[in-house]
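Structural overview for review
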Amino acid sequence: MELGDKAAGCLLLLFSTTLFAYYTFWVIITPFVDSDHFVHSYFPAREYAIIIPGIALVALVSFVLVFVGFVMVRSSQAKAKSKPKTN
Amino acid sequence: MKQVWKIGSIFTAVVVAWISLLLAKDLPPSVQLIVPYIPMFAIMSLGCYGLGALGYGMMVFRVCPEEEILLQKDIAEAKAFFKERGVDMSAD
Amino acid sequence: MADADSAPRKSPHLYSIIIPTYNECLNIALICYLLFKHLKDYNFEIIIVDDASPDGTQDTVKKLQTIYGEDKILLRPRAAKLGLGTAYVHGLKYVSGDFVIILDADLSHHPKYLPNFIRKQLETDADIVTGTRYVNGGGVHGWDLRRKLTSRGANVLAHTLLWPRVSDLTGSFRLYKKKVLEEVVQTCVSKGYVFQMEIIVRATRMGCRIEEVPITFVDRVYGISKLGGTEIVQYLKGLFWLFLTT
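The model shown is predicted, which means the values in this text are computed figures rather than measured ones. (Residues numbered from 1 in each chain as written. Chains lettered and ligands numbered in written order. Predicted model: local features only at pLDDT ≥ 70, side-chain atom pairs only at ≥ 80, totals over all residues. Heavy atoms only, no water.)

Annotation of chain A at the domain level lists domain 1 (1-43) and domain 2 (52-87). The straight-line distance from the C-alpha centre of domain 1 of chain A to that of domain 2 of chain A is 34 Å. (Domains from an automatic or database assignment.)

Printed below as a string of structure tokens:
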């Protein structure tokens, strides 16, 4: 059971390191590389370095706001239900 | 200083530095290509750091299954002590 | 009892242990037994703040008083379930020691670590000694993957926002200098585990010296109180409130 948990953590760490390395190379190293070098074929156009994380960020923030809003509405509904009972 | 002001002032200083880099005229062309991407790079770094810290924390999360056994021993010892003194400890 | 009182003490101070209880009629007896077992070389008193438990916790405490003495076990009950923060304030009124120890009554905090807390405080003259589950020598038992993830995630988030100087922000196994606790608890207004975070963050901002001691945490109530959406949202709200006001 713990081994599974440790493995999950290890996977997450590897994923985030790889993602960071790829993104750093994409944004910071590729401008210094000649435009006909083969390495450019591994990366999409640089505009996507802003668009893709931008969309992901908006999606994440929206999800968090909706989640928080949903929970808050649900708890105020529960309060409204219990109040008439005790009155 | 309140935490929010502390982080706010660091954030403002970084933004000002970034804008001055954007407006600088005599930077090599490759560097000029990088500067506009710095904010998103910072956000990505923060995200990757957070995920990485979470993953690392999960990897080194300390578990102590032996403590449960020790605790059960202590509970048995305590129950025996109280039984001797006539205090009835009903089952957990 | 006589030779326990005349044994040499490892510390000249009196340690007052405040234990808030609600429905802990069995655990409170077990905790008292363990406290007397592990603290026999120290001067201490136990202050039990019970919030009108319906399961007879107070009757058990009275029986314990006949065994251990009313000078060692003080029962200071309240009329209703009024919350943790106010339980400490209430307990503080009856403290005669110069140090205050707080711990949970459900046996997740084991008294065997208290000598480590006391020794650490004497070595470093710390204002607060807090138990941490996340360093070498510490640990948790009874948590599944989801619980570990939320705990770690909450920790990473709190560390990124608040920059505290402790590794375990939500722990409630602590030793305080009495004056420090009195001063800090006046300024705190939140409830539950956010309250525990608030104490340590405000103490950090006030410049208190805080030391840590590894502890193990055996979670036996997890099956009963799951970590749901409401708890997560309450934590986030508390965290952002602390971010803005400390």
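Here we come to the UniProt feature "transmembrane region" (unreviewed entry) in chain A. All names here are of chain A. UniProt's entry tags residues 7-29 and 49-73 with the feature "transmembrane region" (unreviewed entry), counted in the numbering of this structure. End-to-end, the C-alpha atoms of residues 7-29 are 31 Å apart, and along that stretch the chain is 100% helix and 0% strand. With 100% helix and 0% strand, residues 49-73 has end C-alpha atoms that lie 36 Å from one another. (UniProt positions renumbered as here; feature names shortened; annotations may be inferred. Helix = DSSP H or I, 4+ residues; strand = E, 2+ residues; numbered from the N terminus.)

Attention now goes to the packing of helix 1 (residues 2-29) of chain A against helix 3 (residues 38-59) of chain B. With their axes 7 Å apart at the nearest point, helix 1 of chain A and helix 3 of chain B run at an angle of 160° to one another. As judged from the angle between their axes, helix 1 of chain A and helix 3 of chain B are roughly antiparallel. Classified by chirality, the crossing of helix 3 of chain B by helix 1 of chain A is left-handed. (Axes fitted to C-alpha atoms, helices over the stretch in contact; angles between N-to-C directions. Parallel < 35°, antiparallel > 145°, perpendicular 65-115°, else oblique. Left-handed = near helix turned anticlockwise from the far one by under 90°.)

Using the criterion set out here, one finds 21 aromatic pairs over all chains in the structure. Ring geometry for Y23 of chain A and F41 of chain B: centres 6.2 Å apart, planes at 15°, overall stacked. Residue Y23 of chain A is found in helix 1, and its partner F41 of chain B is found in helix 3; the two belong to separate chains. Grouping aromatic residues by their ring pairs yields a cluster made of F20, Y22, Y23, F25, W26 and F43 of chain A together with F41 of chain B. The ring of Y94 of chain C carries the charged tip of R76 of chain C above its face, separated from the ring centre by 5.1 Å. The ring of W143 of chain C has R147 of chain C lying over it, and the distance from NZ or CZ to the ring centre is 4.1 Å. (Phe/Tyr/Trp six-rings, centres within 6.5 Å; stacked < 30°, edge-to-face > 60°. Lys NZ or Arg CZ within 6 Å of the ring centre and 35° of its normal.)

Turning to the interface of chain C and chain B, a few remarks are in order. It is common to give the size of an interface as the accessible area lost on bringing the parts into contact. With 44 residues of chain C at the interface, the matching set in chain B holds 34 residues. At the boundary of chain C with chain B, total buried surface from both sides reaches about 3400 Å², with 71% on carbon and sulfur atoms. For chain C, the biggest contributors to the area lost against chain B are L26, Y33 and W163 of chain C; these three give 16% of the whole. Along the contact surface separating chain C from chain B lie 3 salt bridges. Between K37 of chain C and E77 of chain B there is a salt bridge; the shortest N-O distance is 3.1 Å. (Contact = heavy atoms within 4.5 Å. Buried area = accessible area lost by both parts, 1.4 Å probe. Salt bridge = Lys/Arg side-chain N within 4 Å of Asp/Glu carboxyl O.)

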